[in-house]
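# Tertiary structure, described
As a plain string of letters, each chain reads:
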Amino acid sequence: APFPAACSRCSPADWLTMELHLSGERKYLSLASIRAAPPRVISGDESAKLAGCAGAELGPLLPQLAEDETLIGVLVASDGLVSAPITAGELCRGVLLHTDAAGTLLSSLRAWFPPGVAVQPSPCGTHVGPLSLKGACCCVLLPKPVTDALAMSEARVVGHMNGDHADSCLAYARGLCGVAGATGAQMTGVSCAGFALEAAVEGEAKLRKLLVRFPVPLRHASQVRGFAVELHHAAFAALGLHYRLRHGYYRRGALMAIAGVAKAIAKRRVQLGAVGLAAAALVVAVAARRRVG
């Protein structure tokens, strides 16, 4: 079900659970398992703001990071923010903070990295430093070749979606992210977590940043096209019959079906033409051989 949040698959019930995607599988780290791990307390030298906060290092929680150093991960926040890619070696040193300095349970998990580790632009874009992501709810791990292939195809996917499927982007924002007041939406990026959008919302001066999570954990970059189609249908289904009729859902579906049939016929003709040419060539070859004989 869609949630009225920036991330299409996060609700308050998920804010103290870490979802893990690894090699196409989805697992969950409960708050109990996170709190049961050896505690890691932040010192004042490491962070004046978070001094005394306690959490668990990601290394012991995710042994896969030590088993495969080629893994690349991203962390996703409940508000839809996605970190830049982080190597397995640096992810191991990250800490999931769950308790404040007074011993009170935080309202959501916070992914924090010590000085000099996982250095990247801050989510708000104001500075560069170690990642500190409030509301961390998901960690996606993939082999580096997959993340590289995804990065190479990102510009093409974004251009295609914005140029040919603006209706899908708007439906994603409204139907999957719960932003009923969205008047337009553009895709701004593709990560191993999902599609990043910016939506214009009625009555809001700033564009709202959204994340449309993939329906299942990504395994290969080639799955992205299929995910886009699946999410298109899911978004329109969530928006109801009246929306589908008003926004040309059935008309576009019919046109795509007709185009598919035409393409199949053309392909069949090409195949038949090739067979005919091959048969003609065989006849000519046999006839030439008889003349020689």
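Data block above holds the structure.
Here we summarise the structure given alongside this text.

Helix and strand counts for the protein chain come out as eight helices and 15 strands. The 293 residues of the protein chain split such that 41% are buried. Long-range pairs, those at least 24 residues apart, make up 58% of the contacts in the protein chain with a sequence separation of at least 6.

Evaluation of the coordinates by the stated rule reveals six aromatic pairs. Relative to Phe195, the ring of Tyr172 lies with its centre 6.1 Å away and its plane at 0 degrees, an arrangement referred to as stacked. Remark: Phe195 occurs in strand E14 (residues 194-201) and Tyr172 occurs in helix H6 (residues 166-176); sequence separation between them is 23 residues. Plain terms: the ring middles of Phe236 and Tyr243 are 5.7 Å apart, the flat faces sit at 50 degrees to each other, and that makes the pair tilted. An aromatic cluster is built from Tyr172, Phe195, Phe214 and Phe227, whose rings are joined through pairwise contacts.

Checked against the element boundaries, Tyr249 lands in helix H8 (residues 249-292). We classify Tyr249 as buried; its relative accessible area is 16%. In this structure the C-alpha to C-alpha distance between Tyr249 and Ala237, which are 12 residues apart in sequence, comes to 9.9 Å. Residues contacting Tyr249, with those up to four places away along its chain left out, are His232, His233, Phe236 and Arg244.

Moving on to unusual backbone geometry. Unusually for a residue other than glycine, Ala118 sits at a positive phi of about 55 degrees. Here Ala118 is to be found in the loop between strand E8 (105-112) and strand E9 (119-121).

A separate point is the state of the cysteines. For the structure on display, the rule yields zero disulfides. In this structure Cys138 is not part of a disulfide, and its nearest cysteine sulfur, from Cys137, lies 6.0 Å away.

Hydrogen bonds along the backbone pair up the strands of a sheet, which may run parallel or antiparallel. The strand order across the open sheet built from five strands is E3-E4-E7-E8-E11, with neighbouring strands paired in antiparallel fashion. Of all strands in the sheet, those with a lone pairing partner are strand E3 (39-41) and strand E11 (132-134), marking the two edges. Neighbour-to-neighbour, the strand axes of the sheet open up by a mean angle of 35 degrees, direction not taken into account. For strand E7 (residues 95-99) and E8, the ladder comprises four bridges, and the chain directions are antiparallel. Opposite Leu97, over in E8, you have Arg110 as the bridge partner.

What counts, and at which threshold
- Residue numbers restart at each chain and count upward from 1, following the sequence in its written direction.
- In view of the model being predicted, local features appear only for residues whose pLDDT reaches at least 70, and side-chain atom pairs are presented and counted only at 80 or more, with totals across whole chains, interfaces and linings using the full set of residues.
- Water and hydrogen atoms were dropped before computing side-chain values, which therefore reflect all heavy atoms in the structure.
- Counting from the N terminus, the helices are the DSSP runs of H or I reaching at least four residues and the strands are the DSSP runs of E reaching at least two.
- The buried label applies to any residue whose accessible area, calculated with a 1.4 Å probe on protein chains only, is under 20% of its type's maximum; exposed applies above 50%, and partly exposed to all values in between.
- Here a residue-residue contact requires only that any non-hydrogen atoms of the pair lie within 4.5 Å.
- By convention, a stacked pair of Phe, Tyr or Trp rings (six-membered ring in the case of Trp) has centres within 6.5 Å and planes under 30 degrees apart, an edge-to-face pair has planes over 60 apart, and any other such pair is tilted.
- What counts as a disulfide here is a pair of cysteine sulfur atoms lying within 2.5 Å.
- Pairing between strands is defined by DSSP: at least two bridges between them are needed.
- Whenever a helix is involved, its axis is fitted only over the stretch in contact; in every case the axis is a line through C-alpha atoms, and angles between N-to-C directions fall within 0 to 180 degrees.

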